[in-house]
Amino acid sequence: MMSAQRLNAAKLARRIAIVIVGAALMTLAAKTQVPFWPVPMTLQVVAVMGFAVLLGPRLATGICLAYLAAGAAGLPVFSGSPERGIGLAYMMGPTGGYLAGFLIVSWLVGALSSGRGLIGQIGAMLAGLVVVYACGLAWLAIYVPAAKLLAAGLLPFLLGDIVKIAVVAAATALLSRTRFNLRALDQ
């Protein structure tokens, strides 16, 4: 009986550590700018999709929730913060819909990609990208006129996000050739 409790406590501690490290990596991804055309890109989509595909829906969602909670509490974890604001004010700004989309996609992509091969994982990530853009554009429409919405919130970022999905797919393919199974951490 006691050893089962220790095992459960160890699993819980491992999951908490993964969520904390994941939220820190998500912050790093948000703060990293990569020169790209037509606009520089951050690595948030890489982090969200990578966590979902590699860790599964529960841990990926936990990581995203921790990241959003840290941001809501006022920590400068988001791209462009603290320069463009912090806390709930930032989250209610023009990019708030994309942040909400990340949370939904953490679960969705994790669930859709579970047990799938590379093509299924790519399909799950592309479906997730549609959800991120749908949430982001719906919220951005509060701030941007409809005629300029796609030019402001989709077109400049689409190519970079496709490249990011390709990077996650390549990394996943490389990791799948090893015995390193990150999804086992969510068991």
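To keep things clear, this report deals only with the structure shown in the data block. The residue count restarts for each chain, going from 1 along the sequence in the order it is written. Local features in this predicted model are restricted to residues whose pLDDT is 70 or higher, and side-chain atom pairs enter the listing and the counts only when it is 80 or higher, whereas totals over whole chains, interfaces and linings include all residues. Only hydrogens and water are set aside when side-chain values are computed; all heavy atoms of the structure are taken into account.

**What about the packing of helix H2 (residues 44-55) against helix H5 (residues 96-113)?**
Each axis is a line fitted through C-alpha atoms, taken for helices only over the stretch in contact, and angles between the N-to-C directions span 0 to 180 degrees. Numbering of helices and strands starts at the N terminus; helices are DSSP runs of H or I of at least 4 residues and strands are runs of E of at least 2. Close contact between H2 and H5 brings their axes to 7 Å; oriented N to C, the two are set at 35 degrees. For the crossing formed where H2 meets H5, the hand is right-handed. Contacts between H2 and H5 involve Gln-44, Val-45, Val-48, Met-49, Ala-52 and Val-53 from the former and Leu-99, Phe-102, Val-105, Ser-106, Val-109, Gly-110 and Ser-113 from the latter. A per-class count over the contact of H2 with H5 returns nine nonpolar, four polar and no charged. Should the near helix be turned anticlockwise from the far one by less than a right angle, the crossing is termed left-handed; should it be turned clockwise, right-handed. Contacts were defined at the residue level, with two residues in contact if any of their heavy atoms lie within 4.5 Å. When residues are sorted by character, Ala, Val, Leu, Ile, Met, Phe, Trp, Tyr, Cys and Pro go into the nonpolar class, Asp, Glu, Lys and Arg into the charged class, and all the rest, Gly among them, into the polar class.

**Some details on the packing of aromatic side chains**
Between 30 and 60 degrees the pair is tilted, below 30 it is stacked and above 60 it is edge-to-face, where a pair is any two Phe, Tyr or Trp rings, Trp via its six-membered ring, whose centres lie within 6.5 Å. Counted by the stated rule, this structure contains three aromatic pairs. Aromatic side chains Phe-78 and Tyr-90 sit 5.0 Å apart centroid to centroid with 10 degrees between the ring planes, which places their arrangement in the stacked category. In this pair, Phe-78 is assigned in the loop between helix H3 (57-72) and helix H4 (87-91) and Tyr-90 in helix H4, connecting sequence segments twelve residues apart. Only protein chains enter the accessibility calculation, which uses a 1.4 Å probe; a residue whose area is less than 20% of its type maximum is buried, one above 50% is exposed, and one in between is partly exposed. You can call Phe-78 buried: its relative accessible area is 0%. The buried category is assigned to Tyr-90, whose relative accessible area is 7%. Each member of the aromatic cluster is reached from another via a ring pair, and the members are Tyr-67, Phe-78 and Tyr-90.

**A few points about the environment of Ile-63**
You can see Ile-63 is positioned in helix H3. In sequence terms Ile-63 and Ala-47 are 16 residues apart; their C-alpha atoms lie 9.9 Å from each other.

**Observations regarding the side chain of Thr-42**
Along the polypeptide, Thr-42 turns up in the loop between helix H1 (2-31) and H2. Leaving out residues up to four positions away in the same chain, Thr-42 has contacts with Ala-29, Ala-30, Thr-32, Gln-33, Ser-79 and Lys-164.

**A closer look at the packing of H2 against helix H8 (residues 155-176)**
At their nearest, the axes of H2 and H8 sit 9 Å apart, and the two run at 35 degrees to each other. Relative to H8, the crossing made by H2 is right-handed. In this structure, H2 contributes Val-45, Val-46, Met-49, Gly-50, Val-53 and Leu-54 to the contact, and H8 contributes Asp-161, Lys-164, Val-168, Thr-172 and Leu-175. Among the residues forming the contact of H2 with H8, the class breakdown is seven nonpolar, two polar and two charged.

**Observations concerning the pattern of salt bridges**
Any Lys or Arg side-chain nitrogen found within 4 Å of a carboxyl oxygen on Asp or Glu counts as a salt bridge. Counted under the stated rule, the structure contains one salt bridge. For Lys-164, the salt bridge identified is with Asp-161, shortest N-O distance 2.9 Å. Of this pair, Lys-164 and Asp-161 are both found in helix H8, three residues apart, which corresponds to roughly one turn of the helix. In terms of burial, Lys-164 and Asp-161 fall into one category: buried.

**A short note on the nonpolar core**
Only buried residues count toward a nonpolar core. Its members are Ala, Val, Leu, Ile, Met, Phe, Trp, Tyr and Cys residues joined through side-chain atoms within 4.5 Å. Within the largest apolar cluster, 43 residues are counted, with the highest numbers of intra-cluster contacts made by Met-49, Tyr-67, Phe-78, Leu-99, Phe-102, Val-109 and Met-125. Those elements giving two or more residues to this core turn out to be H1, H2, H3, H4, H5, helix H6 (118-140) and H8. If one sorts the elements of this core by residue count, H2 sits on top with eight residues. Excluding its chain neighbours within four sequence positions, the residues that come into contact with Phe-78 are Ala-30, Lys-31, Tyr-67, Leu-68, Gly-71, Ala-72, Tyr-90, Met-91 and Leu-99.

Geometric descriptors of this kind do not, in isolation, establish any biological role.
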